[in-house]
Amino acid sequence: MDHKSVVFASVFPVPSLSHTTPTPIATPVLGYASFGPSFEGPAADTAGAQQRAVRRNVAWSTATRFLSLPKTQIAADASFEVRNRAQRTPDVEEALEYLLVGEGRSEDEREQGIVEWFANEATLHFAAVVRPRVAALWEKEVHLSQACEVLDQTQRILERAQNLYFQPFADHLLPFLHRHAAASSSSTVRHYEFAEPRRPSEADIARQRFQREIHAAFTYCVSARRFTKTLSYALYDMGCAVFRVYIRQEAGSPQAKFDNISDSRRRMVSLLQGLERVGLGGDNAQRAFAHAMDKLMGSFIDSHYTKVDWYSRKSVVPHLRMFIRDGFCPLAELVLECLKCQPSSIDAKELQVWQDMALGRLGRARVEDLFDYVIRWDKSLGAICDLKEYLKLPGAKQHLTSNFSQQVSRRLLHPGATTTFILNVYISVIRAFHELEPKGVLLERVARPIRRYLREREDTGRIIIASLLVDPNDGGSSAKTAAGVEISYEIAKEMAKPLSNFSSADADDELDYGDMNWQPLPSDASPEYKKSKGEDVIWFLLSLWDRDDFISELKNILGDHLLRCQDPEYEKEIRLLELIKVRLGDEKLQACEVMLRDVLDSKRINAATRINEEKEKVLKTPEKRAPRTPENAGPRTPRTRRAAAAAAAAAEAASASTQQKHAAPAPKLNAQILSSFFWPPLRDDEFLVPPQIQALQKEYEVRFERIKGMRKLRWMNALGDGSITLELEDRMEEFDHLTPWQISVICAFQEGGEEGGEGDGGFGKSSSTRNSSGGKNKSTGTAGEGHAGKKSVTRTAEQLEEMLQMDEDLVQQALAFWTSKSILRETEPESGIYEVIENLSSSSSSSTAKTPGSASKPTTSSSTAAATATEAGAVRSQASIFASKKEIYQSFVIGMLTNQGNAPVSRILMMMRMVLPGGFPYGEEELRVLLEEMVEEGRVVGFVGGVFGVKGN
Amino acid sequence: MASNTVAQRLQKELMDLLTHPTPGISAFPSDSNLSLWTATITGPADTPYDGLVFKLSMEFSPEYPYKAPTVLFRTPIYHPNVDFSGRICLDILKDRWSAVISVGSVLLSLQSLLGEPNNASPLNGQAAELWDKDPAEFKRLVLARHKTPEELDAAGL
């Protein structure tokens, strides 16, 4: 364009040319009359101003036309590359200089500077050309998988736009400003250089302002929320890549993966630096980064540290700390540097905070699974160690206890869990929490619900005591004792441990002023907290109850156990009793001691009476008994005695085969004398034992009374056990550990008292005027059934009941037992008539031929026998006591309802508990059953709401 | 210690009563400390009280069994030896009490008193007179005065 037209345009703006020319704020006004002072007024100034305006306008027009950006290419040229610009012509240069640093500078608010104009121009260009493209990228929610690309693309577009705007700025505007600044500072400001920090030059200020405006435009073209989210995901993604590799590298192939790390790292750095360059770094990016790092830490812990170290059983916490220090922090520093944050390094305190944060997450993850760890103790030692570290954080204990309690109540304390299981878990809890926190405050807190629940279970005590008596070296073959009580081998193992330094149970440690190891109670201990006696599981278990309840339970179980015990020295029982004495005190365990002494004394008395017996026999019938004396010389243990019995049986077999009529060798009898006062209620079913045994009992009684003066024996035939040898036509069978009624029943199948039953007798209870003692006999002998060639004896259950004066259920049980052993059979199925199977092969073949169903019979009956045998413990069960006292209870209920009117079950129960002598040890359930029975009998009427009353009253 | 022996004795008497029940007689403690009992007597056959059920209260002092229990009819009864508050005039509950008398024997005596009133020393003169003179009127008054346990409960007694 030529000079003329420029001049013309400067005076009369031409629309076609003014498209880049904003109207100057001050429109040049040419030649107006000025009314100045009459002389020496500012007329020259006014004229100068007019002149300047014109000149500025011309320069402005020239400069803006030169600088204007090509907006016409919107549709055509999508790449909006920076074109090579024409070199500045002299007049453009002049115009720019005039406008930037010369007189044409905008001096006040009214005039727009060329710098501002250019910024405006760039913004407009951005809005028209670049923005739609960026907006297109961000229009929709960015899919996470494309986050990186979108960010990359955005960054590229913006970077190019930025270059487009900055290049003219840097090429054409800044040099003038710089030049000017250099000139002015060299002339005037030099001597201040050292005195004060260099003020930002005019050029810098202009540049920053320009940049700020451009960046503001960039920032607002992208939705901040969407951008933050995308960026945070991208960072997270790359971080994952970096760290996954970091771990794999550790695992073993460092070379192969090395590229990946640096790749990811480089990508991340370049992206972040790019974003920072185009002004997208700022707050949003930092927020995104914080998000990403937070998530990254979480998922890193999830993926790498939630795996418990089951093998080396070590804590992963040190490794986690190391990761935070050497892996996480450097990455964060790198990013901070890219984003130009201040300060870009991480100090030790921050590192500590991060480590704690990571530990907190790890701990919370561990707490979620704590119950599983406890169950798998002590393989889970690693996890527990992690938690130990976690507990050092504030609030961790609270979280752990509440969370674990929830898990326990959800997974353990429900009716589906067996008591044994709960006990085992409780033991694991004790051990694990002792490791977790040796002071025991946490243990006390989490164990409280478990203990409460265990107290409610009625079989807890039985299981504990039965388990205490079990030999852990049995190998755990059967999880049940003979009495059908499940046992916990954990407890048994615990019991087998040597007794640690156990101070006296009741000493109050807090008052021991001489204790040099005294420590204050933990600050977070609850009021009931007692210093735990270390890891003494037994102590925890024994302290579940009141001492008295526990001891009465102990009495029952110990009694049962002693009667069954095969160990003649009772070593374990003595040890147990001593251990419990140490824990519960001597005075309460008197009854148990008496029981133990009873069985030990019985042994001595047996030996004493036996010696007498032998003497007498030798004297009386030397010729007959002499051969057997050597065998019986040392009957100190049941084992040798049994051997003797077996030998005798062999002799008998020989004699039976010859059909001799002489009596079988006499059975032997060992009695146990029990002091009935101290023993728990025992089975006292009455029935007749085989006559041989009766005779022995008589004899024994006589001798006993001779030794013990005034005391009398009362035999308890239902207790005891015996061995018997049966001689049948085609075979001989030996049985040990039979119940007395089984022996009595089988002996009843013998003809005419010809066999030598070796039953073992019952227990006697002896009573003298002052104290009573009971005796239990163990006798061994042989029963020969020599009915070769004769018809087998048949008996019905009713006959047996009558003959033996035995309860029906005992008879049935014994019959079932012998049937399962193929000694007896029913002559006809369901006939109720039993006979001895003298000849096994023929009878079994015939019976299977006759009845196809009989093949299955032995199995069923044996199972019932097994089932009933379990109920036949020596100590009477609660249920049988209940049955025996039922009548009293019933008359009690009648009496109460008659006199006090109708009452609900709960009130009846309460009255029975309070008024009945010995209390009413049952619950509402049992009482309800009792009442229902009475309703059926018509003695009581049930009303709505569980209220009962007497009929007709 | 003293109250303990009382409780033991009462407990034993209760068990005796419950294990060897006598027809028409029953007693049971009203509260846990056994000092207050409720007893039930059924009127003997062939008397005006035939089939009627009477409730009594028995209160045992700490000196029991050396001192007689205080026995009152809770069910209103028309009887020569019982006043309208239920107080009873019976020698064994007064001067002829002895420690060997048990709850059961007291109740038995009271049951027989229903059939054989001691008209020589009546608390209710009218009843003593009517007993011999006008059995029908006597019976009518007995029935008029009697209330069943349900009615008593309803009255809140």
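Residues numbered from 1 in each chain as written. Chains lettered and ligands numbered in written order. Predicted model: local features only at pLDDT ≥ 70, side-chain atom pairs only at ≥ 80, totals over all residues. Heavy atoms only, no water.

Caption draft 1: Geometry of the overall build of chain A. Assigned secondary structure in chain A consists of 34 helices and twelve strands. Relative to its full complement of 953 residues, chain A shows a buried share of 45%. Taking contacts inside chain A between residues at least 6 apart in sequence as the whole, the part at least 24 apart equals 75%. Here chain A has roughly 48,200 Å² of accessible surface; of this, 53% comes from carbon and sulfur atoms. (Helix = DSSP H or I, 4+ residues; strand = E, 2+ residues; numbered from the N terminus. Buried < 20%, exposed > 50% of the residue type's maximum accessible area, 1.4 Å probe, protein only. Contact = heavy atoms within 4.5 Å. Areas by Shrake-Rupley, 256 points an atom, 1.4 Å probe, with all protein chains shown as cover.)

Caption draft 2: Highlighting the pairing of strand β4 (residues 732–738) of chain A. Residues and elements named next belong to chain A. The sheet contact formed by strand β3 (residues 721–727) and β4 spans five bridges and is antiparallel. Of the residues in β4, the one forming a bridge with Thr-725 is Glu-734. The loop that links β3 with its antiparallel partner β4 comprises four residues. (Pairing = 2+ DSSP bridges.)

Caption draft 3: Structural view of the UniProt feature "active site" (unreviewed entry) in chain B. All names here are of chain B. Listed under "active site" (unreviewed entry) in the UniProt record, and renumbered for this structure, are Cys-89. Within the secondary structure layout, Cys-89 lies in the loop between β4 (70–73) and α2 (103–115). Apart from the residues within four sequence positions on either side, Cys-89 is in contact with Asn-81, Leu-113, Ser-121 and Leu-123. (UniProt positions renumbered as here; feature names shortened; annotations may be inferred.)

Caption draft 4: Representation of a negative patch on the surface. The grouping of Glu798(A), Asp807(A), Glu808(A) and Asp809(A) at the surface amounts to a negative patch. Of the residues examined, Glu798(A) reaches a relative accessible area of 54% and is grouped as exposed. (Patch = residues over 30% accessible without salt bridge, like charges linked within 9 Å, V, L, I, M, F, W, Y side chains within 5 Å. Salt bridge = Lys/Arg side-chain N within 4 Å of Asp/Glu carboxyl O. Lys, Arg positive; Asp, Glu negative; His and termini not counted. Charge placed at Lys NZ, Arg CZ, Asp CG, Glu CD.)

Caption draft 5: View of the environment of Cys385(A). All names here are of chain A. By secondary structure assignment, the location of Cys-385 is in helix α13 (residues 381–390). Relative accessible area serves as the criterion here: at 18%, Cys-385 is assigned to the buried category. Taking the C-alpha atoms as reference points, Cys-385 and Ala-432, 47 residues apart in sequence, are found 9.8 Å from one another.

Caption draft 6: Main features of the nonpolar core. Residues and elements named next belong to chain A. Within the largest apolar cluster, 162 residues are counted, with the highest numbers of intra-cluster contacts made by Ile-114, Tyr-165 and Phe-433. Here this core gets 15 residues from one element, more than from any other, and that element is helix α5 (residues 147–189). In this structure, Tyr-165 is in contact with Leu-69, Phe-118, Ala-122, His-125, Phe-126, Val-130, Phe-210, Ile-214 and Phe-218, ignoring residues within four places of it in sequence. (Core = buried A, V, L, I, M, F, W, Y, C linked by side-chain atoms within 4.5 Å.)

Caption draft 7: Structural context of the packing of aromatic side chains. All names here are of chain A. On inspection of all chains with the given rule, the structure shows 14 aromatic pairs over all chains. Ring geometry for Phe-371 and Phe-404: centres 6.4 Å apart, planes at 40°, overall tilted. Taken as a pair, Phe-371 in helix α12 (residues 370–375) and Phe-404 in helix α14 (residues 396–411) lie far apart in primary sequence, 33 residues in all. The buried category is assigned to Phe-404, whose relative accessible area is 0%. Note on Phe-404 and Phe-433: the rings are 5.1 Å apart at their centroids and 50° apart in plane angle, and the pair reads as tilted. Note that Phe-404 is positioned in helix α14 and Phe-433 in helix α15 (residues 419–436), a separation of 29 residues in sequence. With respect to burial, Phe-404 and Phe-433 carry one shared label: buried. (Phe/Tyr/Trp six-rings, centres within 6.5 Å; stacked < 30°, edge-to-face > 60°.)

Caption draft 8: Here's a closer look at the interface of chain A and chain B. Listed by partner, the interface residues are 16 residues for chain A and 20 residues for chain B. Taking both partners together, chain A and chain B bury about 1,400 Å²; carbon and sulfur atoms supply 60% of that area. For the pair chain A and chain B, the number of links is five residue pairs in polar contact (both at pLDDT 80 or more). The dominant element in the side of chain A that touches chain B, judged by the number of residues it contributes, is helix α32 (residues 878–900) of chain A, at eight residues. (Buried area = accessible area lost by both parts, 1.4 Å probe. Polar contact = N/O pair within 3.5 Å; in protein donor to acceptor, adjacent residues only side chain to side chain.)

Caption draft 9: Structural view of the sheet that holds strand β7 (residues 794–796) of chain A. Residue and element names in this part refer to chain A. The strand order across the open sheet formed by three strands is β7-β9-β8, and the pairing between neighbours is antiparallel. Single-partner strands in this sheet number two, and they are β7 and β8 (824–826). Each neighbouring strand pair of the sheet contributes to a mean axis angle of 35°, computed without reference to strand direction. Of the strand pairs in this sheet, β7 and strand β9 (residues 833–836) are connected by three bridges, and their pairing is antiparallel. The residue bridging Thr-794 from the neighbouring strand is Glu-835, located in β9. (Axes fitted to C-alpha atoms, helices over the stretch in contact; angles between N-to-C directions.)

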